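# Remarks on the overall topology
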Amino acid sequence: MPAFRTALRLIVRQWPNVLLYVIGLGMLGVFILANINLTSVETFSEAKPNVAVIDRDHSALSEGLTDYLATRSTPVALEDNTVALQDATAKNTTPYIVIVPAGFGDAFQAAVADGAPAPTVETVVNYLAFTGQYMDQVTNAYLNAVRMVLSAEPDTPLAEALSQAAAATDQQVPVEVVEVEGAKSIYYKAYFFFRWMAYPLTAGLMVLVGMVFSTFMGGEVRRRNLASPLAPGRMSTQVAFACVALVLFAWLFMMVLTLIPATGGLDLLQGQPARFGILAVAALIYALVPLAIGFLVAQTGMRAAAQNGVANIVSLGFAFLSGIFMDDLSLMGDTVLKVAHATPTFWFAKATFAVQDGDPMSTFWGYNGIVLLFAVAIFAVGLLVGRLRTQTADAGGNLVAAPAAA
Amino acid sequence: MGITFITTVKTLVRQRDTLLWAIAFPLVLCTLIYAMLGNLDEAYALKPVEIVVVDDAAYQATTGLPEMITALSKDTVAEGDTAIFDTTYVDSDEAARQALTDGDYTGFITVDATGQPAFHVDARYASSTTGTNASIVKIVLDQYWQTASLVGAMAQTDPSLFTDPALLERLTTEVSYTQRVSVTANPPSDSLAYMYSALAFSVIMMMSFALAAVEDIQANTSALGARRSLAGQSKARTLAPAIAASWVVGFGVQLVGYSYVKFAFGTSFGGKDPAVLLTLAVGVLAMTFTGAFVGSLPISSGAKSGITATLSCFLSLFAGLYGPFAQDLAESAAENAPLFALANPARQVTQAFHALYYYDGYQQFFQAILALLGLAAVFFVLSTLMLRRKRYASL
């Protein structure tokens, strides 16, 4: 197996690319997941968005509101200046800011007492409209409770009204968490990571496989190889085996990454081993796609730098189109969704979503079948391109002889 | 030097595959982002929360809850008010649970024999990170229950209070005490952040031109470099125009990308175009010197290309390119490792665009520009140290 060993040596010599693409990009996924804080869903946890209160009133009411909001959100200290407010909104560090204008407490009491128009606090919301809606409700709930106490008994001292309102806002309705089949959010990270794998597998395998085939198909080397006693067919088979070994290595490495606690793979393996198993199979099937693309790219005779470029474009493009970065296919527009259907990563993502949602196995295997078809089709195109290229003058094919014959 | 400059520009432009990918890559990426995330702001816009209500005798027996849910629901909301719920009614608890399995609802509402409402949330929407919708449902129910409890307590203390229907009406009619204001120069947008990150990504890729140019002047990395080192030209007089040419080509490529996202997609930069051009110019300068440094490293060409590609991917992670998780990660990294954020050109280019869009003044913008200039200076010194007085194959 001399060609097999040589191909493996070539791959080992490409360790920077293995390190950067397969290991580096794989670890990026781990890194992202390590920074996602998903709480257990066995008990309901209310959203606690970062909220800042800019208190320009400093009244008992504004302080009561500040204290109440702190119980329903994550309080953030913010300076009262335009740049700080813009900063917090633009960087999404504080999606909700309440500005209590000076005189708000007095105006509030006056409005309740004589029916004057209600004063308002100013709220700043960035693009997260849901958070704005939620926190508006929270703010209004407290102020309405104070209003009710003061309306019912106008002589109640403000401090007393505030404490009654605080007691009233302690009343909360009971919440039950309903587990729907396939919605085990504790495995959410694992599913995300399985989808993420498509990115490092595509980029890494495309570059490495492309490089191996390019080296063997390159002009001078190829001519020398053809002169060797090893039959071309056997040589190609051995090189292909080396690439398959590479695919297995990359896939195995991804499986090892799933055992890092941050990826949640171990939880899935222990909780739902069958699902883990079929996801692993889906990832292996998917890995054949970049193998085929790498082969195709190498057949075109592209240079190493350009192959790197193509690998980046294809891997990022597929990842974006298939929604693996967004982790939500519903966020995609209809047109994009149509385009996405033409990418194998989309079908791989669909297969993982099918497992996550507990869809029938036939659906899951159907999606994997499409992924496999993509791999076969791309490989076939690669063979065709390679065939045409061997006939060019560059490669020493029939076209070299053609002018002489004429 | 003029001839070296012109020749390097020609050489770089003639490397069609490198040039093509340097231009095509940002264009394709921006198109993808526009197509994928262009409607992201729409996705974050307020949509009614889909809930199921068990409409049984206990629910109907409560005071005010059916009316409140109706007033907040999509098809029955008063004109001009915002619908908070998209409500589906069922007649039993079992039917509600079945609806959760069959459809995509946040949860369902029931009322017990005492008249207290309860919220049954789908586990998918029950965590604090996924459950803003569920929290909205809960706070609305809490608010109802608080009002009902408060009225009940008042009625117990002083029943005479409620002989006046007008007072009761006044007590239970919700008042809105909040008013939205905007503090940024332009409305906040999430999809813009990705477009800015994609442009920053392409700025990082401009390393490849300087890398190729520097490889072409080193005697031990290319045949051309070997020939050029024999010429009676000092290293500085060869290097300076090569770097300048790389910057010109890189900046030209960025102009194409910038024009594309601005005119084809209408991406806004806050109307401060000269400042955007300055950002691109300084960003490309920083990456040109970084590329020159990578080009001067004693490693194979393939490894250098790999470093360029991976640096683009890695640094872009901390500029928030890869989706909402990466955006959060970028902000958290900037907070916990400010020096790393300061030294990350992708982050600084993104920050400069952000500053132009969101802020009235230029303070943050110039901070980002200064960081990029600092980075350019550091890599200028490093690449000079690597390249000057270099000896090849000598004792």
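About the cut-offs
Residues numbered from 1 in each chain as written. Chains lettered and ligands numbered in written order. Predicted model: local features only at pLDDT ≥ 70, side-chain atom pairs only at ≥ 80, totals over all residues. Heavy atoms only, no water. Salt bridge = Lys/Arg side-chain N within 4 Å of Asp/Glu carboxyl O. Helix = DSSP H or I, 4+ residues; strand = E, 2+ residues; numbered from the N terminus. Buried < 20%, exposed > 50% of the residue type's maximum accessible area, 1.4 Å probe, protein only. Contact = heavy atoms within 4.5 Å. Buried area = accessible area lost by both parts, 1.4 Å probe. Polar contact = N/O pair within 3.5 Å; in protein donor to acceptor, adjacent residues only side chain to side chain. Pairing = 2+ DSSP bridges. Right-handed = clockwise from strand over helix to strand, strands pointing away. Phe/Tyr/Trp six-rings, centres within 6.5 Å; stacked < 30°, edge-to-face > 60°. Lys NZ or Arg CZ within 6 Å of the ring centre and 35° of its normal. Lys, Arg positive; Asp, Glu negative; His and termini not counted. Axes fitted to C-alpha atoms, helices over the stretch in contact; angles between N-to-C directions. 1 Å grid on protein atoms, 1.4 Å probe; cavity = no way out; pocket = protein on both sides within 12 Å on 5 of 7 lines; lining within 4 Å. Points joined across faces, edges and corners; volume = space filled by probe spheres on them. Nonpolar A, V, L, I, M, F, W, Y, C, P; charged D, E, K, R; others polar.

Another point: the pattern of salt bridges. In this structure the tally under the stated criterion is 9 salt bridges over all chains. A salt bridge links B:R97 to A:E176; the shortest N-O distance between them is 3.0 Å. Within this pair, whereas B:R97 is found in helix α6 (residues 93-102), its partner A:E176 is found in strand β5 (residues 175-178), the two belonging to separate chains. Given the relative accessible area of 29%, B:R97 is considered partly exposed. One salt-bridge network, held together by shared partners, links A:R72, B:K138 and B:D142.

We now examine the interface of chain A and chain B. Each partner contributes residues to the interface: chain A has 101 residues there, and chain B has 105 residues. Surface buried jointly by chain A and chain B totals about 9300 Å² across both partners, of which 67% is contributed by carbon and sulfur atoms. B:R180 is paired through a salt bridge with A:D136; the nearest N and O atoms lie 2.5 Å apart. Across the contact surface, chain A and chain B share 27 residue pairs in polar contact (both at pLDDT 80 or more). With 20 residues, the top contributor of residues to the side of chain A that touches chain B is helix α6 (residues 129-152) of chain A.

Consecutive side chains along a regular strand alternate between the two faces of the sheet. Residues and elements named next belong to chain A. Where strand β1 (residues 50-55) meets strand β2 (residues 74-75), 2 bridges bridge the pair, whose relative direction is parallel. Looking across to β2, one finds that V51 is bridged to P75. The parallel pair β1 and β2, bridged by helix α3 (residues 60-72), forms a crossover whose chirality is right-handed. Relative to strand β3 (residues 96-100), β1 runs parallel, the two being bridged by 5 bridges. Its bridge partner being in β3, V53 is matched across the sheet by V98.

Our next topic: the packing of aromatic side chains. In this description, a pair of aromatic rings is defined by centroid distance and the angle of the planes. All chains considered together, the criterion is met by 29 aromatic pairs over all chains. When the ring of A:F192 is compared with that of A:W196, the centres are 6.3 Å apart and the planes differ by 25°; the resulting orientation is stacked. Taken as a pair, A:F192 and A:W196 lie in helix α8 (residues 188-196) at a separation of 4 residues, close to a single helical turn. We classify A:W196 as buried; its relative accessible area is 0%. Centroid distance A:F364 to A:W365: 4.9 Å. Interplanar angle 70°. Geometry classified as edge-to-face. Since its relative accessible area comes to 1%, A:F364 is described here as buried. A network of ring pairs unites the aromatic residues B:Y196, B:Y258, B:F269 and B:F353 as a single cluster. Sitting over the face of the ring of A:F353, A:R195 holds its NZ or CZ atom 3.7 Å from the ring centroid.

Here we take up the environment of B:L171. Looking at the element boundaries, B:L171 is found in helix α8 (residues 165-172). Considering only alpha carbons, one finds B:L171 and B:T147, 24 residues apart in sequence, at a separation of 8.8 Å.

Residue and element names in this part refer to chain B. In this fold, K272 is placed in the loop between α12 (235-264) and α13 (273-296). Notably, K272 is buried but unbridged: the nearest opposite-charge side chain belongs to D360, and the N-O separation is 6.2 Å. Of note is the side chain of K272, whose polar atom sits 2.9 Å from the backbone oxygen of Y359. In contact with K272, not counting residues within four places along its chain, are A355, L356, Y359, D360 and Y362.

A few words now on the sheet that holds strand β4 (residues 121-125) of chain A. In space, the 5 strands of this open sheet follow the order β2(A)-β1(A)-β3(A)-β4(A)-β5(B), with mixed pairing throughout. Bordering the open sheet on either side are β2 of chain A together with β5 (178-180) of chain B, each of which pairs with just one other strand. Of the strands in this sheet, β1, β2, β3 and β4 of chain A are in contact with α3(A), which crosses β1(A) at around 175°. Of the strands in this sheet, β1, β3 and β4 of chain A touch helix α4 (residues 82-90) of chain A, which is tilted by about 155° from β3(A).

Below, the discussion takes up the layout of surface pockets. Remark: the empty space left among the atoms is shown by a probe the size of a water molecule rolled over them. Taken as a whole, the second largest pocket spans an internal volume of roughly 1400 Å³. A:Q137, B:M68, B:L72, B:Q143 and B:E174 are the residues nearest the centre of the second largest pocket, which is lined by 44 residues in total. Put simply, the parts of the chain that give the lining of the second largest pocket at least two residues each are α6 of chain A together with α5 (65-72), α7 (132-157), α8 and β5 of chain B. A total of 9 residues in the lining of the second largest pocket trace back to one element, the largest contributor, which is α7(B). Residues that form the lining of the second largest pocket fall into these classes: 17 nonpolar, 21 polar and 6 charged.

So, on to empty space enclosed by the protein. This structure, assessed with the given rule, holds 1 cavity of 30 Å³ or more. Taken as a whole, the largest cavity encloses approximately 40 Å³ of empty space. Every residue lining the largest cavity is listed: A:A141, A:N144, A:A145, A:M148, B:Q143, B:Q146, B:T147, B:L150 and B:E174. Mapped onto the lining of the largest cavity, the elements with two or more residues apiece are α6 of chain A together with α7 of chain B. Considering only residue class, the lining of the largest cavity consists of 4 nonpolar, 4 polar and 1 charged.

Keep in mind these values describe shape, not function.
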